[in-house]
Amino acid sequence: MGTEPILQRGETTTSIGRIKPELYKQKSVDSEGNKKEDVKTCGKLNFTLQYDYENELLVVKIIKALDLPAKDFTGTSDPYVKMYLLPDRKKKFQTRVHRKTLNPVFDETFQFPVAYDQLSNRKLHFGVYDFDRFSRHDMIGEVIFDNLFEASDLSREATVWKDIHCATTVSYNSTNVFLFI
């Protein structure tokens, strides 16, 4: 028993050897240094966040999008935004469709019922789409806002600008799969 290994802080021993927890940590997209130049963007999304303490609501106002790519033959798009408060996908909101524009002004407000102490576990997911009357709507891109307190403590309205990460469509046996590059 006198041959017990000397353990570093955070290590534990098992019958198969040392376990080093740092080897098993997942890296998030945002924590991988300055690899943001590898992400292809297709415009910007402007929105505001505020928390209504009295009614326990996260109030999200989608203001506008800028410099969206043209998805229609006319050189424009018919954009709209779908929004979820992850991890729940039950409650979904959607803006109105804005016809023939690459710089839509939405100016629409939505309210998510959520307790304030749950906000640190939540992410806002915005999907930007091009409306097509006779076929499947094209996904332009997405914004994932994973730290709701990044802009402020949400006691006052905080304005946020985020790059829209482009989606490309790949078809597998007539099933569309969206990839973000």
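What you are looking at is a predicted structure, and each value in this text was computed from that prediction instead of being measured.

Draft legend 1. Highlighting the layout of surface pockets. Considered as a void within the structure, the second largest pocket measures approximately 230 Å³ in volume. Lining the second largest pocket, in full, are K71, D72, F73, T74, D78, R99, K100, F131, D132, R133 and F134. Residue composition of the lining of the second largest pocket, by class: three nonpolar, one polar and seven charged.

Draft legend 2. Expanded view of unusual backbone geometry. That bond from L86 to P87 is cis: its omega, 10°, falls within 30 degrees of zero. Looking at the secondary structure, you find P87 in the loop between strand 5 (79–86) and strand 6 (92–94). Positive phi, close to 50°, is recorded for D107, a residue that is not glycine. Assignment of secondary structure puts D107 in strand 7 (residues 105–113). One non-glycine residue with positive phi stands out, namely L154, at about 75°. Here L154 is to be found in the loop between strand 9 (138–145) and strand 10 (158–172).

Draft legend 3. Here's a closer look at the pairing of strand 4 (residues 57–66). Most of strand 4 is tucked away: seven of the 10 residues are buried. Judged from the nine bridges that link them, strand 3 (residues 41–52) and strand 4 form a sheet pairing that is antiparallel. Within strand 4, the residue paired with Y51 across the bridge is L58. Here strand 3 folds back onto strand 4 in antiparallel fashion, the turn holding four residues, of which E56 has a positive phi close to 50°.

Draft legend 4. Molecular detail of the side chain of T76. Among the structural elements, T76 can be located in the loop between strand 4 and strand 5. The class of T76 is buried, set by a relative accessible area of 17%. Of note is the side chain of T76, whose polar atom sits 3.0 Å from the side chain of T74. Leave out the neighbours within four places in its chain, and T76 touches A70, K71, K100, T101 and L102.

Draft legend 5. A look at the environment of Y84. Residue position: Y84 is located in strand 5. For Y84 and I144, which are 60 residues apart along the polypeptide, the C-alpha to C-alpha distance reads 9.7 Å. Ignoring anything within four residues of it in the chain, the contact list for Y84 reads R89, K91, K92, F112, K123, L124 and H125.

Draft legend 6. Representation of the nonpolar core within the structure. Ranked by size, the top nonpolar core spans 30 residues in total, and within it L45, L58, M83, L124, F126 and L148 carry the most contacts. Secondary structure elements with two or more residues in this core: strand 3, strand 4, strand 5, strand 7, strand 8 (123–130), strand 9 and strand 10. Counting residues per element, this core draws most heavily on strand 3, at five residues. Among residues more than four places away in sequence, those in contact with L58 are Q50, Y51, L85, F110, Q111, F112, V114, L119, L124, L148 and L154. Counting residues in each nonpolar core, the second largest holds five residues, with Y80, Y129, F131 and A167 among its members.

The rules behind the values
- Residues numbered from 1 in each chain as written.
- Predicted model: local features only at pLDDT ≥ 70, side-chain atom pairs only at ≥ 80, totals over all residues.
- Heavy atoms only, no water.
- 1 Å grid on protein atoms, 1.4 Å probe; cavity = no way out; pocket = protein on both sides within 12 Å on 5 of 7 lines; lining within 4 Å.
- Points joined across faces, edges and corners; volume = space filled by probe spheres on them.
- Nonpolar A, V, L, I, M, F, W, Y, C, P; charged D, E, K, R; others polar.
- Helix = DSSP H or I, 4+ residues; strand = E, 2+ residues; numbered from the N terminus.
- Buried < 20%, exposed > 50% of the residue type's maximum accessible area, 1.4 Å probe, protein only.
- Pairing = 2+ DSSP bridges.
- Polar contact = N/O pair within 3.5 Å; in protein donor to acceptor, adjacent residues only side chain to side chain.
- Contact = heavy atoms within 4.5 Å.
- Core = buried A, V, L, I, M, F, W, Y, C linked by side-chain atoms within 4.5 Å.

Function cannot be read off these values alone, since they describe shape.
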